[in-house]
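Each chain is listed here by its residues.
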Amino acid sequence: MKFDDDGFLAEDVNLSLDELSASPLVTGEGLAIRRWNAERRELLVRNLRYVVESVRSVGFAGEIGVDGSFAAAVLVCRDIDAYLVLKPEDFAVYDERLSELNAREGENVWDFSEEAMIPMPGVGGVVTPLRKKYSVDLRIETGAFCGILGPHGERLTYPQAFRQRTQSKAAKGLILLRD
Amino acid sequence: MLKSKREYDETIQALHILRTETLPAEERRLQSQGLGAQKVQNLLGLTRAHIRRLEIEAETYRRITDGDLSMFDGTEDFGRLLIAARLAVHLSQRELAARLGVHESQISRDERNEYAGITVERWRQICNALGVDIVTRARLEQAVSRSVVPADEIREAAASQAAVPRQPTFSSAPAVLRKKLQPALEFVEQFVPFASQGTGPTAPTGPTGSLIIMAA
């Protein structure tokens, strides 16, 4: 696992959840960062495992990845940013699958609509119920243009735009979860 | 949190594109797959939620650069408050770095880490460089409840007098408690002159202490 000078992944890495748990992004080994919060990151991976197993169990088979602060060698990591790319065949059954997950959960946690967003104190903005409960900020993507332009003006989708650093537009890597 | 004018401008651009291009195109694409109207709307809701998040980020940036830092409260937001203070005084990372005599990449790294682990001395240097005062204010009832009185002594005092009210004022607390709390109150008042104007001490079973931080 290679990081650039700013702590971002230098390239994509393919990992299983077990491999992610044992990786420097959780243990901090080899990162030479003081006060690394391995305990917090372990908790986040446990919650991510629950989320991944949940979406897989109802039939979502699309790519799942992790980006954001969790996928970087940085100290502050409040949550874990993940994404699921829907496959075209998921579109027709999307609602039913979320309903099934909510039924299991016993509450409306699997709701990614604007109406379900929950305001967070401070500068937390709004978050999904899933993010509030499990600290996993799962974004569900349909392959639509995300509004972000590439370095040459090209129209990016997610996760393409996740591979671009916000300020410099330089490339960065993601964690691609392997089943 | 948006950390520069450039990020803000890109967010505004993204919002425009999402509203005018992405939503209509996505609606056509989903309809072309034979999905019912409700299913199309539910899937479009994913894009609408994304738009809402960006709108709030942009609005927060505008508030901060207009000098409104009232959304920050507590130590969890401390690092972001320093970032916001830089935005509020309209300094770039490069300009702040120059004032501090460090390389721009150092500020970029510090802000990415939200100043985690910053020392008080460093905090003062940054505040001086920004020309802002960061005011800290302890909540008296929390600070006192954490500091001094063992729970069994409170129970003892409560048993010997009237029941301790749920939100007692300092003057209405039992004499035993007042005696125990007085040194702590004086200690807090040394640093926080207005502390005694609070609602008074509460039982130590309440929430842990808190610190309000604001820029002035």
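Treat the numbers as computed from the prediction; the structure is a model and nothing was measured. (Residues numbered from 1 in each chain as written. Chains lettered and ligands numbered in written order. Predicted model: local features only at pLDDT ≥ 70, side-chain atom pairs only at ≥ 80, totals over all residues. Heavy atoms only, no water.)

J.: For the sheet that holds strand β2 (residues 64–67) of chain A, give the residues involved together with the corresponding values.
T.: Residues and elements named next belong to chain A. Taken in spatial order, the 5 strands of this open sheet run β1-β9-β2-β3-β6, and their pairing is mixed. Two strands bound the open sheet, and with one partner strand each, they are β1 (13–15) and β6 (136–141). Taking each pair of neighbouring strands and ignoring which way they run, the sheet shows an average axis angle of 30°. Relative to β6, strand β3 (residues 80–85) runs parallel, the two sharing 6 bridges. For Tyr 83, the partnering residue across the bridge sits in β6 and is Arg 139. (Pairing = 2+ DSSP bridges. Helix = DSSP H or I, 4+ residues; strand = E, 2+ residues; numbered from the N terminus. Axes fitted to C-alpha atoms, helices over the stretch in contact; angles between N-to-C directions.)

J.: Tell me about the packing of helix α2 (residues 37–65) of chain B against helix α3 (residues 78–88) of chain B, and please be specific about residues and values.
T.: Residues and elements named next belong to chain B. Contact pair α2 / α3: the axes reach a minimum separation of 7 Å and the direction vectors enclose 65°. Here α2 contributes Tyr 61, Ile 64 and Thr 65 to the contact with α3, which in turn contributes Ala 84, Leu 87 and Ala 88. Looking at the contact of α2 with α3, its residues break down into 5 nonpolar, 1 polar and no charged. (Contact = heavy atoms within 4.5 Å. Nonpolar A, V, L, I, M, F, W, Y, C, P; charged D, E, K, R; others polar.)

J.: I'd love a proper account of helix α4 (residues 93–100) of chain B, names of residues and values included.
T.: All names here are of chain B. Taken as a whole, α4 has its buried residues at Gln 93, Leu 96, Ala 97 and Leu 100. What you see down the axis of α4 is that its buried residues fit within an arc of 100°, all on one side. Across α4 from its buried face, at more than 90 degrees, point the exposed residues Arg 94, Ala 98 and Arg 99. Buried-residue contacts for α4 involve α3, α5 (104–112) and α6 (120–130). Just beyond α4, the residue with positive phi is Gly 101, at close to 75°. (Buried < 20%, exposed > 50% of the residue type's maximum accessible area, 1.4 Å probe, protein only. Arc of directions from axis to C-beta.)

J.: I'd like a description of unusual backbone geometry, backed by residues and values.
T.: Most of the time, phi is negative for any residue but glycine, and the peptide bond is trans. That bond from Tyr 158 of chain A to Pro 159 of chain A is cis: its omega, 10°, falls within 30 degrees of zero. In this structure, Pro 159 of chain A sits in the loop between β8 (155–157) and β9 (175–177). Positive phi values are uncommon outside glycine, yet Glu 114 of chain B reaches one of about 50°. Among the structural elements, Glu 114 of chain B can be located in the loop between α5 and α6.

J.: Quick rundown of the pattern of salt bridges? Include the residues and the values.
T.: Opposite charge on two side chains permits them to pair, given that their charged atoms come into close proximity. If you walk through the whole model with that rule in mind, you get 28 salt bridges over all chains. Measuring nitrogen to oxygen at the nearest pair gives 2.8 Å for the salt bridge that ties Arg 155 of chain A to Glu 21 of chain B. Within this pair, whereas Arg 155 of chain A is found in strand β8, its partner Glu 21 of chain B is found in helix α1 (residues 5–32), the two belonging to separate chains. Of the residues examined, Glu 21 of chain B reaches a relative accessible area of 33% and is grouped as partly exposed. Two residues, Glu 55 of chain B and Arg 52 of chain B, come together in a salt bridge whose shortest N-O distance is 3.0 Å. (Salt bridge = Lys/Arg side-chain N within 4 Å of Asp/Glu carboxyl O.)

J.: Go over the nonpolar core with me, naming the residues and quoting the values.
T.: Ranked by size, the top nonpolar core spans 50 residues in total, and within it Leu 48, Phe 70, Trp 110, Leu 138 and Ile 175 of chain A carry the most contacts. Beyond its immediate chain neighbours, meaning those up to four positions away, Leu 48 of chain A contacts Leu 17, Leu 20, Val 66, Ile 80, Ala 82, Val 136 and Leu 177 of chain A. (Core = buried A, V, L, I, M, F, W, Y, C linked by side-chain atoms within 4.5 Å.)

J.: Please provide a residue-by-residue account of the interface of chain B and chain A, values included.
T.: Between chain B and chain A, the contact holds 40 residues from the first and 39 residues from the second. Together chain B and chain A conceal approximately 3500 Å² of surface at their shared face, both sides included; 52% is due to carbon and sulfur atoms. Sorting the residues of chain B by area buried against chain A places Leu 46, Arg 53 and Arg 112 of chain B first, and these three jointly supply 19% of that buried surface. Here Asp 95 of chain A and Lys 39 of chain B are joined by a salt bridge, their closest N and O atoms 3.8 Å apart. Along the contact surface separating chain B from chain A lie 12 residue pairs in polar contact (both at pLDDT 80 or more). Mapped onto the side of chain B that touches chain A, the elements with two or more residues apiece are α1, α2 and α5 of chain B. Within the side of chain B that touches chain A, the residues separate by chemical class into 12 nonpolar, 11 polar and 17 charged. (Buried area = accessible area lost by both parts, 1.4 Å probe. Polar contact = N/O pair within 3.5 Å; in protein donor to acceptor, adjacent residues only side chain to side chain.)

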